[in-house]
Amino acid sequence: MMPFLMMISKSLADLFIVVIAVSFISFSIFKFSWSWLSIIWIRLAIIFSIFSIISASFSVFAETSIGNGIAWIRFPLFAAAVSFWLIKDKEIFYFTLITNFLSLIFIFCLMGVEVIFTDHNSFEWPFRNPLNGPYIHRIGILFFCISFLIVFFKYKYRTQALIFIFISILFSLLSGHRAGSFSFVIIILLLTFWPSFNLKRSLFIISFFFFVISLYFSFNIEKLDRYFFDILNLSNTSLLQYFGQWKTGILVFFENPIIGIGPTNVQNYLSENLIINYDPFKNNEHPHNHYIQAFAETGILGGIVYISMFLNIIINSYKNTKIEKKFIENLITKGIFITSVCIFWPFANNYDLYGQQQNAYLWYVISIILVSHQFYKKS
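Just so it is clear, the structure is predicted and the values come from calculations on it, not from any experiment. (Residues numbered from 1 in each chain as written. Predicted model: local features only at pLDDT ≥ 70, side-chain atom pairs only at ≥ 80, totals over all residues. Heavy atoms only, no water.)

A. Focus on the layout of surface pockets. In this structure, the second largest pocket occupies an estimated 510 Å³ of space. What lines the second largest pocket is a set of 16 residues, among which F101, F143, I146, I150 and I328 lie closest to the centre. Going through the elements one at a time, α6 (90-117), α8 (141-152), α9 (158-175) and α16 (327-344) are the ones with two or more residues in the lining of the second largest pocket. Residue composition of the lining of the second largest pocket, by class: 14 nonpolar, two polar and no charged. (1 Å grid on protein atoms, 1.4 Å probe; cavity = no way out; pocket = protein on both sides within 12 Å on 5 of 7 lines; lining within 4 Å. Points joined across faces, edges and corners; volume = space filled by probe spheres on them. Helix = DSSP H or I, 4+ residues; strand = E, 2+ residues; numbered from the N terminus. Nonpolar A, V, L, I, M, F, W, Y, C, P; charged D, E, K, R; others polar.)

B. View of the nonpolar core. Among the nonpolar cores identified, the biggest contains 101 residues, and W41, W72, W363 and I366 are the most heavily contacted of them. Considering every element that reaches this core, the biggest residue donor is helix α17 (residues 357-376), with 13 residues. Sequence-distant contacts of W363, defined by excluding residues within four places in its chain, comprise W41, W72, F75, P76, F78, A79, M309 and F310. (Core = buried A, V, L, I, M, F, W, Y, C linked by side-chain atoms within 4.5 Å. Buried < 20%, exposed > 50% of the residue type's maximum accessible area, 1.4 Å probe, protein only. Contact = heavy atoms within 4.5 Å.)

C. Just the pattern of salt bridges, in detail. Under the definition given, this model contains two salt bridges. Here R74 ties to D14 by a salt bridge, and the two come within 3.0 Å at their closest N and O atoms. Separated by 60 residues along the polypeptide, R74 in helix α5 (residues 74-86) and D14 in helix α2 (residues 10-31) bring together distant segments of the chain. Each member of the pair, R74 as well as D14, is classed as buried. (Salt bridge = Lys/Arg side-chain N within 4 Å of Asp/Glu carboxyl O.)

D. Representation of unusual backbone geometry. Omega for the peptide link from W125 to P126 comes to -10°, which places this bond in the cis form. Along the chain, P126 turns up in the loop between α6 and α7 (132-139). The amide bond that connects W194 to the next residue, P195, takes the cis arrangement and shows omega of 0°. Its place among the elements puts P195 in the loop between α10 (178-193) and α11 (199-219).

Structure follows, in structure tokens:
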């Protein structure tokens, strides 16, 4: 249900997350079942939440900041509930993946119809704001990885995989989501050298990738500025905003290295002119990078814990690829590892760390990763 609920309403999807998180805690209390607390990433998530509350308590906007710090824990609890409580059978896991794939195809169809029959400057269906890019690069990332794996390792259905890759890259570029589109570069780079190096195979994939993007930009020459020239010339307005917001967050951390200034308080302090705004356009925004925000708002220990939580997930995903499995399982475990790298690389998450909508996308994908850990950690 989750991928389709996200299309209908962000509030409905968030309510779904809260209900599952609260139900999971209630079930654990009723059954006195707390074995999931022994999992390292969950402990790190709880510790990070504690650091968030402590830093919020010493901030100027303590009440608001504490509320945001406490509310964040719903996301890891949701992921824990899905991976340890709700999806216990591989059949349900595979059905979940099929549902995700269908939701991705549905979004591609909507985007295609919107391109052909409307004059919208950006995609508005079905989110009513430009969220198609973040959505397809979250829900679709595992399928992008699996498709490249099929082509790289010459498995069956290579033609179908190439067609899917071609369509995915086009819609990725159309969405304008640059950080998400860069995931294709990460996938190709990883598979070029891992799990084995094959020059001939890599040259073919790289040539195909450049063919697709050349075809796209030949029909959308104006997009070259957004994806290339404005970045090289440092003239892109959104990129300059990012630089300013990153600088603001980094300097806030250096000025408050021990406990930070509290969850969501970079934005709150900017609104009250309590800190210097280095955004050239003077927008009162969060740092637009999860890792910078974690350090700025929870201090050095909170930032380290936040990074460690995701590193633990990446390492476990990698370990699972070392176990011999059947064809489908092998594809999924390798795809899961590459997915974890794509969603956790330093510039993958540029929205509010404590926000609602895009955090739902991120933690839903994390829940899928964690389910795979449960199934494939043993041979």
